[in-house]
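Here are the chains, one letter per residue:
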Amino acid sequence: MQQTRLNTLLDRLGAGIQEQLKNPWRRLATLTIAFLFGVFLGLAISSSAGQLGYLDIVASSIVAIIAEVISALFYSDRWKLRQTLFGEILNALKFGLLYGLFLVAFLLGS
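Caption draft 1: Structural context of a nonpolar patch on the surface. A contiguous nonpolar patch, built from Phe35, Leu36, Leu43, Tyr75, Phe95, Tyr99, Leu103, Leu107 and Leu108 and spanning about 910 Å² of accessible area, is present on the exposed surface. Those elements that place two or more of their residues in the nonpolar patch are helix 2 (24-52) and helix 4 (85-108). A total of five residues in the nonpolar patch trace back to one element, the largest contributor, which is helix 4. Checked against the element boundaries, Leu108 lands in helix 4.

In structure tokens, the structure reads:
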């Protein structure tokens, strides 16, 4: 690919973000934000699917399939996502999503 000014700018921006996220506290903050966003997604999915009433089973099966695919990718040795920040963020998002769904289930008593 050619080295245009846009490519150079994006490369420098990506390198700067990676350099900033090497700090353990910023990495922890990023993972916490991903977890809390996952909780928000879990609450939003359950409330929006619960409004219609007939999409509960479809939404829960889609969430379960997505969670299993993320787990298979994260814990497999082939992709090595455990060693990357993107993989850790994806796993934290998955944990938050499932935690949010369990929280709603316990609140509703079902």
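From this point on, the discussion continues.
Caption draft 2: A look at the layout of surface pockets. Volume-wise, the largest pocket comes out at about 320 Å³. Taken together, 15 residues line the largest pocket, and the ones lying closest to its centre are Ser46, Asp56, Ser60, Leu101 and Val104. For the lining of the largest pocket, the secondary structure elements donating two or more residues are helix 2, helix 3 (56-75) and helix 4. Taken together, the residues of the lining of the largest pocket sort by class into ten nonpolar, four polar and one charged.

Caption draft 3: Region of the structure containing the packing of aromatic side chains. For the structure on display, the rule yields three aromatic pairs. Pairing Phe35 with Tyr99 gives two aromatic rings, centres 6.0 Å apart and planes at 35 degrees, and the pair type is tilted. Pair noted here: Phe35 is in helix 2 and Tyr99 is in helix 4, with a separation of 64 residues, a long-range link. A residue is classified by how much of its surface remains accessible, and Tyr99, at 45% relative accessible area, is partly exposed. Relative to Phe40, the ring of Phe37 lies with its centre 6.1 Å away and its plane at 35 degrees, an arrangement referred to as tilted. You can see Phe37 and its partner Phe40 sitting in helix 2, three residues apart, about one turn around the helix.

Conventions we followed
Along each chain, residues carry numbers from 1 onward, in the same order as the chain's sequence is written. Reporting in this predicted model follows two pLDDT cut-offs: at least 70 for local features of residues, and 80 or more for side-chain atom pairs to be given and counted; totals over whole chains, interfaces and linings ignore these cut-offs and use all residues. Hydrogens and waters are ignored; side-chain quantities use all the structure's heavy atoms. A residue counts toward a patch only above 30% relative accessible area and without a salt bridge, and it is joined to like-charged neighbours within 9 Å or, for Val, Leu, Ile, Met, Phe, Trp and Tyr, to nonpolar neighbours within 5 Å. Each accessible area is a Shrake-Rupley estimate made with a 1.4 Å probe; only the visible protein chains count as cover when residues are assessed. Throughout this description, the term salt bridge denotes a Lys or Arg side-chain nitrogen within 4 Å of a carboxyl oxygen of Asp or Glu. By definition, any uninterrupted DSSP run of H or I lasting at least four residues is a helix, any uninterrupted run of E lasting at least two residues is a strand, and each is numbered from the N terminus. Note on definitions: the grid is 1 Å and covers protein atoms alone; a cavity is a set of points where a 1.4 Å probe fits but cannot get out; a pocket is an open set with protein on both sides within 12 Å along at least five of seven lines; lining residues have an atom within 4 Å of a point. Grid points are joined across faces, edges and corners, and a volume is the space filled by probe spheres set on the points. In this classification, the charged set is Asp, Glu, Lys and Arg, the nonpolar set is Ala, Val, Leu, Ile, Met, Phe, Trp, Tyr, Cys and Pro, and all remaining amino acids, among them Gly, are polar. By convention, a stacked pair of Phe, Tyr or Trp rings (six-membered ring in the case of Trp) has centres within 6.5 Å and planes under 30 degrees apart, an edge-to-face pair has planes over 60 apart, and any other such pair is tilted. Burial classes follow relative accessibility: with a 1.4 Å probe on protein chains only, a residue under 20% of its type's maximum area counts as buried, one over 50% as exposed, and anything between as partly exposed.

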